[in-house]
Amino acid sequence: MTAKKVLISGCSGGGKSTLLDALGQLGYRTNSEPGRRIVAEEMRGNGEALPWVNLKAFARRAIHVSQSNLTLADHLEGLVFFDRGLVDAAVAYEFAGGTPYHSLLAGKLHYAQHVFLAPPWPEIFVTDTERRSSLDEAKAEYQRLVRAFSELGYETCELPKVPVIERVEFVLNELRSG
């Protein structure tokens, strides 16, 4: 048996990382968001590949980190949850003027076909030193992702705007029934 790679994507500030943290506390394997790791590294270094400085360089790094995460998960079993991933990075790279995501992803589903999307949720949206985009920018990003997942052949399931424990139950129930 190999890992079932479950992607949780969607709007920045939509509660993805909180959901992944809760899944991790239940013993599930999780991969933190590549973008957050990249931003933290860049802020400690020269800061060139930051999304608000050079989105294209940032997205290129996120593609490489996401590919590495996928390769590492190939050697695991059971459910592995990803907080954003290769599709998110490829969509950002195209948006920044890079190669179209269709070309980068080569028509292959890199995750389980069923993808969970965190919708824009203004009531919990916050910015911080690592996330500087506005809610309007996050909403536009969400729309790009919705379109991309559909065009790439993924089935999307929007996460309900409920407390995290209810989101965990929702995800696990969806995976059991799917």
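Our subject is the structure listed above.
This report concerns the structure included in the present document.

**Quick notes on the environment of V87**
Line of reasoning, step 1. You can see V87 is positioned in helix α4 (residues 86–95).
Line of reasoning, step 2. For V87, a relative accessible area of 0% gives the class buried.
Line of reasoning, step 3. For V87 and P160, which are 73 residues apart along the polypeptide, the C-alpha to C-alpha distance reads 22 Å.
Line of reasoning, step 4. The contacts of V87, once residues within four sequence positions are left out, are L105, Y111, F149, L152 and Y154.

**Here we look at a nonpolar patch on the surface**
Line of reasoning, step 1. On the surface, M43, W52 and V53 cluster together to form a nonpolar patch covering roughly 260 Å² of accessible area.
Line of reasoning, step 2. By the secondary structure assignment, W52 is in the loop between α2 (34–44) and α3 (55–73).
Line of reasoning, step 3. By relative accessible area, which is 31% here, W52 ends up partly exposed.

**Side note on helix α6 (residues 135–151)**
Line of reasoning, step 1. Look at α6: 24 Å from first C-alpha to last across 17 residues, which is about the 24 Å you get at 1.5 Å a residue.
Line of reasoning, step 2. Within α6, the full set of buried residues consists of A138, E141, Y142, R144, L145, A148 and F149. Projected down its long axis, α6 carries its buried residues within an arc of 165°, all on one side. In α6, the exposed positions angled more than 90 degrees off the buried face are occupied by D136 and S150.
Line of reasoning, step 3. In this fold, the buried residues of α6 make contact with β1 (3–10), α4, α5 (101–105), β4 (114–118) and β5 (155–158).

Conventions adopted
- Residue numbers here run from 1 along each chain, matching the order of that chain's written sequence.
- This being a predicted model, a pLDDT of at least 70 is required before a residue's local features are given, and a value of 80 or more before pairs of side-chain atoms are given or counted; all residues contribute to the totals for chains, interfaces and linings.
- Excluded from the side-chain calculations are hydrogens and water; all other atoms, namely the structure's heavy atoms, are used.
- Note on conventions: DSSP H or I runs of at least 4 residues are helices, E runs of at least 2 residues are strands, and numbering of each starts at the N terminus.
- When accessible area is computed with a 1.4 Å probe and restricted to protein chains, residues below 20% of their type maximum are described as buried, those above 50% as exposed, and intermediate ones as partly exposed.
- Note on contacts: a residue pair qualifies if any of its non-hydrogen atoms lie within 4.5 Å across the two residues.
- Patch definition: residues with relative accessible area over 30% and no salt bridge; like charges joined within 9 Å; nonpolar side chains (Val, Leu, Ile, Met, Phe, Trp, Tyr) joined within 5 Å.
- To be clear on the numbers: accessible area is Shrake-Rupley with a 1.4 Å probe, and residue cover counts the displayed protein chains and nothing else.
- Any carboxyl oxygen of Asp or Glu that lies within 4 Å of a side-chain nitrogen of Lys or Arg is treated as forming a salt bridge with it.
- To estimate how far a helix should reach, multiply one less than its number of residues by 1.5 Å.
- This arc corresponds to the set of directions leading from the helix axis out to the C-beta atoms.

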